[in-house]
Amino acid sequence: MLKLFSSLITATLLAAASSAMAEGKAPIVIKFSHVVAEDTPKGKGALLFKKLVEERLAGEVTVEVYPNASLFGDADELEALRSNKVQLLAPSLSKFEPYTKQLQLFDLPFLFDDLEAVKRFQKRDKSRELLRSMSAQNIYGLAFWNNGMKQLSATRELHLPGDAKDLAFRIQPSTVLQAQFEALGAKAVAMPFGETFAALQSGAVQGAENPWSNIASQKLDSLQPFVTETNHGSLNYMLVSNSTFWGSMPYKTRSELEAIIEEVTFAVNKDAEILNQQAREQLRVAGKTRLISLTAQEQAAWRDAMQPLWKSYEQAIDADMLRAAQTVNRR
Ligand code: LMR
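Parameters and conventions
- For every chain, the first residue of the written sequence is number 1, and numbering continues from 1 onward in sequence order.
- Totals for whole chains, interfaces and linings use all residues, but because this is a predicted model, local features are given only for residues with pLDDT of at least 70 and pairs of side-chain atoms are given and counted only at 80 or more.
- Excluding hydrogens and water, the side-chain figures rest on all heavy atoms present in the structure.
- Where helices and strands are cited, they refer to DSSP runs of H or I of at least four residues and of E of at least two residues respectively, numbered from the N terminus.
- Both definitions apply: the radius of gyration is a C-alpha atom measure, and the globule rule equals 2.2 Å times residues to the power 0.38.
- Exposed residues in this analysis have more than 50% of their type's maximum accessible area, buried residues have under 20%, and partly exposed residues fall in between, with area computed by a 1.4 Å probe over protein chains only.
- Contact between two residues is taken to exist if any of their heavy atoms lie within 4.5 Å; hydrogens are not considered.
- His residues and chain termini do not enter the charge count, which takes Lys and Arg as positive and Asp and Glu as negative.
- A single reference atom marks each charge: NZ on Lys, CZ on Arg, CG on Asp, CD on Glu.
- Think of it this way: one heavy atom of a residue within 4 Å of a molecule or strand is enough to make that residue near it.
- For the purposes of these results, a polar contact is taken to be a pair of N or O atoms within 3.5 Å, where, inside protein, one atom must be able to donate a hydrogen and its partner to accept one; residues adjacent in sequence count only when each atom of the pair is a side-chain atom.
- The accessible surface values rely on the Shrake-Rupley method and a 1.4 Å probe; as for residues, cover is taken only from the protein chains in view.
- Just so you know the grouping, Ala, Val, Leu, Ile, Met, Phe, Trp, Tyr, Cys and Pro go in nonpolar, Asp, Glu, Lys and Arg go in charged, and all remaining residues, Gly too, go in polar.
- Two strands form a pair only when DSSP identifies at least two bridges running between them.
- Angles here are taken between N-to-C directions and fall from 0 to 180 degrees, while the axes themselves are lines fitted to C-alpha atoms, restricted in helices to the stretch in contact.
- For the purposes of this section, nonpolar cores are sets of buried Ala, Val, Leu, Ile, Met, Phe, Trp, Tyr and Cys residues that join through side-chain atoms within 4.5 Å.
- Working definition: roughly parallel below 35 degrees, roughly antiparallel above 145 degrees, roughly perpendicular at 65 to 115 degrees, and oblique for all remaining angles.
- The crossing is said to be left-handed when, going from far helix to near helix, the turn is anticlockwise and less than a right angle, and right-handed when the turn is clockwise.
- To pair, rings of Phe, Tyr and Trp, with the six-membered ring standing in for Trp, must have centres within 6.5 Å; the planes then decide the type, stacked if under 30 degrees apart, edge-to-face if over 60, and tilted in the middle.

**Focus on the overall build of the protein chain**
Then, in step 1: Summing up its helical and strand segments, the protein chain has 13 helices and 11 strands in all.
Then, in step 2: Its C-alpha atoms give the protein chain a radius of gyration of 20 Å, near enough to 20 Å, the size a compact globule of 331 residues would have.
Then, in step 3: Expressed as a percentage of its 331 residues, the buried residues of the protein chain come to 53%.
Then, in step 4: Pairs at least 24 apart in sequence give 76% of the contacts found in the protein chain among residues at least 6 apart.
Then, in step 5: Separation between the mean location of the 37 positive side-chain charges and that of the 38 negative ones in the protein chain comes to 1 Å.

Here it is in structure tokens:
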């Protein structure tokens, strides 16, 4: 009852705000919070969104971008979105686990060969369905944004899966990622992205998995002497808003915002690969960490060690979804 009452109040307040906007009283403010640096695919996407909105909807909508978990971090951002304290986020898909099990698909190791395969899947209807999978929880998916393929960094050289044994790796809060490291005989410690550097520095963990852009922008190479190019998974995001907030905007404003999002999404996903390759090159030139390439045989050994866990998630994810994802690789 109390819940119903508070949702009614929220809806009334949002409706009042939207009619004030229509009368030109106050611009609508969209707070966009994220946890990474500004020179990453997501950081740049947030800034491009702000720029285009302020050009095309001047006086009607303003956007405030909060990078590096300066407003909300991994631990509280989704609840802040649900209570409309922030209106846009782009958490990685691993962070939605408490709200839907279906997005666990994207954490399955070696499911997608590369970012192009991920992008192909994201265009399929099966994948578009996922954008609505959390609507009942007031989380409204607007687009998929991508970062890059994940690499393993560590205090030790990793060539074969057995080399990771007994090391502790920082992971995002995901049971799939936990199982992935357990399959290697390693430990997995879930913690917010913003705590990764400190945890590596203190020795609480000795390894991590990240795309090149996050390794470089967080300066993890200063703490991790080795990065193995495993490309074992991909880091993808969902741009989300609060369903009530999004629906409360006048149709014309919302349509314009959605058109801008389409344009920004295209730019983010087009540039993600380039930004990651530039970050890789930056790390190689800086020379603080050694980049380890794998032979085809070594790569196959990592796949053999990790892939068996797909089976255990098939039911929660939905077997059809898993099958659809397997058709996008070009092997
Ligand atoms: C992580 O926690 O490692 C990533 O989700 C951070 C990010 O948003 O890129």
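What follows picks up the thread again.
**So, the site of the ligand**
Then, in step 1: Around the ligand sit V35, V36, K42, S92, K95, R170, Q172, F193, N210, N214, L235 and Y237, and that is every residue in its neighbourhood.
Then, in step 2: In the model, an oxygen atom of the ligand is placed 2.7 Å from a nitrogen or oxygen of the R170 side chain.
Then, in step 3: For the ligand, whose unbound accessible area comes to 270 Å², protein coverage reaches 99%.
Then, in step 4: Considered class by class, the residues forming the shell around the ligand number five nonpolar, four polar and three charged.

**Observations regarding the sheet that holds strand β9 (residues 226-228)**
Then, in step 1: Within the open sheet, the six strands sit side by side as β7-β6-β8-β5-β9-β11. Their pairing is mixed. Each edge of the sheet is formed by a strand with only one pairing partner; in this case those strands are β7 (187-190) and β11 (290-292). Going across the sheet, the axis of each strand differs from the next one's by a mean of 25 degrees, ignoring polarity.
Then, in step 2: Inspection of the sheet shows strand β5 (residues 151-154) paired to β9 by three bridges, in the antiparallel sense. Across the sheet, residue A154 finds its bridge partner in β9, namely F226.

**Structural notes on the nonpolar core**
Then, in step 1: In this structure, F96, L105, F106, L108, F112, F121 and M238 are the most contacted members of the largest nonpolar core, which totals 38 residues.
Then, in step 2: If you list the elements that add at least two residues to this core, you get α3 (77-82), α4 (115-123), β4 (139-149), α6 (175-182), β10 (234-242), α12 (310-317) and α13 (319-326).

**Section: the packing of helix α2 (residues 41-56) against helix α10 (residues 251-286)**
Then, in step 1: Running from N to C, α2 and α10 point in directions that differ by 150 degrees, and their axes come no closer than 9 Å. Comparing the axis directions of α2 and α10 gives the class roughly antiparallel. Relative to α10, α2 is oriented so that their crossing is right-handed. Residues P41, K44, G45, L48, F49, L52, V53 and R56 of α2 lie in contact with α10, whose contacting residues are E256, L257, I260, I261, E263, V264, A267, V268, A272, L275 and N276.
Then, in step 2: Among the residues forming the contact of α2 with α10, the class breakdown is 13 nonpolar, two polar and four charged.

**Thoughts on the packing of aromatic side chains**
Then, in step 1: Considering all chains together, one arrives at eight aromatic pairs under this definition.
Then, in step 2: Taken together, a centroid distance of 5.9 Å and an interplanar angle of 35 degrees make the contact between F106 and F112 tilted.
Then, in step 3: Taking 5.8 Å as the distance between ring centres and 35 degrees as the angle between the ring planes, the aromatic pair formed by F106 and F144 counts as tilted. One end of the pair, F106, is in the loop between β3 (88-89) and α4; the other, F144, is in strand β4, and 38 residues separate them in sequence.

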